[in-house]
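Summary of the model geometry
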Amino acid sequence: TNTRTTQTSSVTTFGGNYEIDDKLSFSSHLQELITSFSGGGGQGDTISSLNSSLSYRLSEKISLGPSLNVGLEKPQNAGEQTFEQALLGLNYQPTQKISLFAQGGAEFRQYNQGGDATNPVFSAGVGYTPFDSTTLSLNAYQSVHSSSANSTQTVVNTGVGVSATQRIVQRFYLNLSFNYAHNDSQSGTGGAAPSGGTSTTAGSSQDTLAYRPSLSFAPSTWTSVAIYYQYLDNESNSSGGTYHDNQMGVAVSAQF
């Protein structure tokens, strides 16, 4: 939004996996994501979704299956949106050091104020562990979500990222990541309007480059503390939408 602001996000997920037999498994998760902003620009959003998938293991190295995601999105000060995603996923581990995954399909979105939109969605990546202390990864994706700058619009987000992690000594890790993303704004009725005006105009686009080195310490297998520096360069084709950002911070995480 090109203004100083605080973003708060809360995620609640409930679900499970069921092994039907030695080759077939089913998983389903119900999730609610609430995002709010304060102290500057930005408009809140609530997304409730049910994500289900079926996986069939063809061999010890290959598994594949379909996924169906349905959800309701409620942008602040705008009409509700419903969406359905039909996807097909593949996981492949040719060696103990290399793993690959890919998932692709289409999203169908309906706007409460009228109009529909259909966009391809996908995610893919490869992980490589040449040594026990070194991990490399490459990923690409395309997703659709409501705009945090203008709740009457949706954004098609396409990106690619690379990451390298090196264990220095015992539980200390050094990580370097680089990400590029391209965003296209669509009007709230599913179509794109000519670009122009402000950075929230439907039909506008942005290109974002970000790199982030960090040093982390893992006191246990389920906790981590990291200090990081992040540089972000955002280029927009709309007036006032271009900016640069330097950030330093501390990140604490725990997994249960």
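Shown above is the structure to which this text applies.
These numbers were taken from a predicted model, which means no experiment stands behind them. Throughout, a residue's number is its position along its own chain's written sequence, starting from 1. Local features in a predicted model are, by the rule used here, given only for residues with pLDDT of at least 70; side-chain atom pairs are given and counted only at 80 or more, and totals for whole chains, interfaces and linings are based on all residues. Remark: hydrogens and water are excluded; side-chain values derive from all non-hydrogen atoms of the structure.

Regarding the packing of aromatic side chains
- The rule is short: rings of Phe, Tyr and Trp, with Trp giving its six-membered ring, pair when the centres are within 6.5 Å, and they are stacked under 30 degrees, edge-to-face over 60, tilted in between. Inspection of the entire model under this criterion finds three aromatic pairs.
- Both rings, one in tyrosine 211 and one in tyrosine 231, keep their centres 5.7 Å apart while their planes meet at 40 degrees; by these two values the pair is tilted. Within this pair, whereas tyrosine 211 is found in strand 11 (residues 205-220), its partner tyrosine 231 is found in strand 12 (residues 223-236), the two being separated by 20 residues in sequence.
- An aromatic cluster of three or more residues is present, and its members are Tyr211, Tyr229 and Tyr231.
- Any Lys NZ or Arg CZ that is within 6 Å of a ring centre and within 35 degrees of that ring's normal is treated as a charge sitting over the ring. A cation over an aromatic ring shows up here: arginine 212 above the ring of tyrosine 228, its NZ or CZ 3.7 Å from the ring centre. Segments assigned H or I by DSSP are reported as helices when at least four residues long, segments assigned E as strands when at least two residues long, and all are numbered from the N terminus.

Some points on the pattern of salt bridges
- Salt bridge, as applied in this entry: a Lys or Arg side-chain nitrogen positioned within 4 Å of an Asp or Glu carboxyl oxygen. Within the structure shown, the criterion is met by two salt bridges.
- Residue arginine 109 is joined to glutamate 73 by a salt bridge in which the shortest nitrogen-to-oxygen separation is 2.7 Å. Of this pair, arginine 109 sits in strand 6 (residues 98-111) while glutamate 73 sits in strand 4 (residues 62-75); the two residues are 36 residues apart in sequence, bridging distant segments of the chain.
- For glutamate 73, a relative accessible area of 1% puts it in the buried group.
- Two residues, arginine 109 and glutamate 107, come together in a salt bridge whose shortest N-O distance is 3.0 Å. We note that arginine 109, like glutamate 107, is buried.
- Bridged by salt links that share partners, the residues Glu73, Glu107 and Arg109 form one connected network. Exposure categories follow from relative accessible area, calculated using a 1.4 Å probe and restricted to protein chains: below 20% of the type maximum is buried, above 50% is exposed, and the middle band is partly exposed.

Looking at the environment of leucine 100
- Inspection of the secondary structure assignment puts leucine 100 in strand 6.
- What makes leucine 100 partly exposed here is its relative accessible area of 33%.
- Put simply, leucine 100 and valine 126 are 26 residues apart on the chain and 4.4 Å apart in space, counted from C-alpha to C-alpha.
- Throughout, a residue-residue contact means that at least one pair of heavy atoms, one from each residue, lies within 4.5 Å. Not counting chain neighbours up to four residues away, the residues in contact with leucine 100 comprise Leu90, Asn91, Tyr92, Pro94, Gly125 and Val126.

Shape descriptors only; they carry no functional weight alone.
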